[in-house]
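Descriptive structure summary
Take a look at the letters that make up each chain.
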Amino acid sequence: MSGFKKFTDFLFSKKSLKYMCTTHFWGPVSNFGIPIAAILDLKKDPNLISGPMTGSLILYSLVFMRYSMAVTPQNYLLFGCHFVNELAQLGQGFRWVKCHYVDEPKPAVVAAIEDKVNEVSK
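Given the structure is predicted, the values throughout are model-derived calculations rather than measurements.

Bringing helix α5 (residues 51-70) into the picture now. Taking 1.5 Å of rise per residue, the 20 residues of α5 would be expected to cover 28 Å, and the 29 Å separating its terminal C-alpha atoms lies within 8% of that figure. Every buried residue of α5 is listed here: Gly51, Thr54, Leu57, Ile58, Ser61, Met65 and Ser68. The buried residues of α5 occupy an angular sector of 120 degrees when projected down its axis, which confines them to one face. Among the exposed residues of α5, those pointing more than 90 degrees away from its buried face are Pro52, Leu59, Val63 and Arg66. The elements touched by buried residues of α5 are α4 (33-40) and α6 (76-102). Backbone nitrogen of Met53 and a side-chain oxygen of the N-cap are separated by 3.3 Å at the start of α5; the cap is Ser50.

A few words on the domain arrangement of the protein. In terms of domain boundaries, the protein breaks down into domain 1 (1-43) and domain 2 (46-121). Put simply, the middle of domain 1 and the middle of domain 2, counted by C-alpha atoms, are 26 Å apart. When domain 1 packs against domain 2, the two sides together hide about 1,200 Å² of surface, and 69% of this comes from carbon and sulfur. Run the count over domain 1 and domain 2 and you get 0 salt bridges. The interface formed by domain 1 and domain 2 includes 5 residue pairs in polar contact (both at pLDDT 80 or more). Of all elements in the fold, only α3 (23-31) and α4 reach the threshold of two or more residues within the side of domain 1 that touches domain 2. A per-element tally of the side of domain 1 that touches domain 2 places α3 first, with 5 residues. In terms of residue class, the side of domain 1 that touches domain 2 is made up of 10 nonpolar, 2 polar and 1 charged.

Excluding glycine, residues mostly have negative phi values, and the peptide bonds linking residues are mostly trans. The omega torsion of the bond from Thr72 to Pro73 falls at -5 degrees, within 30 degrees of zero and hence cis. Position of Pro73 among the secondary structure elements: in the loop between α5 and α6.

Bringing the packing of α3 against α6 into the picture now. The packing of two helices is summarised by the inter-axis angle and the distance between the axes. Contact geometry for α3 and α6: axes closest at 8 Å, N-to-C directions at 10 degrees. Between α3 and α6, the crossing angle belongs to the class labelled roughly parallel. As α3 packs across α6, the resulting crossing turns out to be left-handed. Residues His24, Phe25, Pro28, Val29 and Asn31 of α3 touch α6, and the partners they reach there are Leu77, Leu78, Cys81 and His82. The class makeup of the residues in the contact of α3 with α6 is 6 nonpolar, 3 polar and no charged.

The subject of this paragraph is the pattern of salt bridges. Per the counting criterion, the structure on display carries 3 salt bridges. A salt bridge links Asp41 to Lys44, with the shortest nitrogen-to-oxygen separation between them at 3.3 Å. Classification of Asp41 by relative accessible area gives partly exposed; the value is 29%. Lys98 is the partner of Asp103 in a salt bridge, and the nearest nitrogen-oxygen pair spans 3.6 Å. Classification of Lys98 by relative accessible area gives partly exposed; the value is 47%.

Criteria and cut-off values
Residues numbered from 1 in each chain as written. Predicted model: local features only at pLDDT ≥ 70, side-chain atom pairs only at ≥ 80, totals over all residues. Heavy atoms only, no water. Helix = DSSP H or I, 4+ residues; strand = E, 2+ residues; numbered from the N terminus. Expected span 1.5 Å × (residues − 1). Buried < 20%, exposed > 50% of the residue type's maximum accessible area, 1.4 Å probe, protein only. Arc of directions from axis to C-beta. Contact = heavy atoms within 4.5 Å. Polar contact = N/O pair within 3.5 Å; in protein donor to acceptor, adjacent residues only side chain to side chain. Domains from an automatic or database assignment. Buried area = accessible area lost by both parts, 1.4 Å probe. Salt bridge = Lys/Arg side-chain N within 4 Å of Asp/Glu carboxyl O. Nonpolar A, V, L, I, M, F, W, Y, C, P; charged D, E, K, R; others polar. Axes fitted to C-alpha atoms, helices over the stretch in contact; angles between N-to-C directions. Parallel < 35°, antiparallel > 145°, perpendicular 65-115°, else oblique. Left-handed = near helix turned anticlockwise from the far one by under 90°.

Okay, here's the thing in structure tokens:
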């Protein structure tokens, strides 16, 4: 029996189809939007990152990685989703810290902020 035939037999078996109709499958699949968005945002300007939201998402992923292993049966798909999200959010968090606390502000940014302050104070 070919590998493809074995795979299709497994994919369309009652056990697999039953699993695909549960929240153990669709919850993590729909949740993968968060890490995908975070990975795509790694190329954007770090000034757009929300530090508090990134921190919240880091804690959220840690909690749900633990939860995915505590439920019966263990949900490895949920664990994988939150593991990827944890890595992506840590990357965003490091970028945010570097932008706001490590790097010196660029002269053009400082000038733009000063212009806005002068506009508001008039």
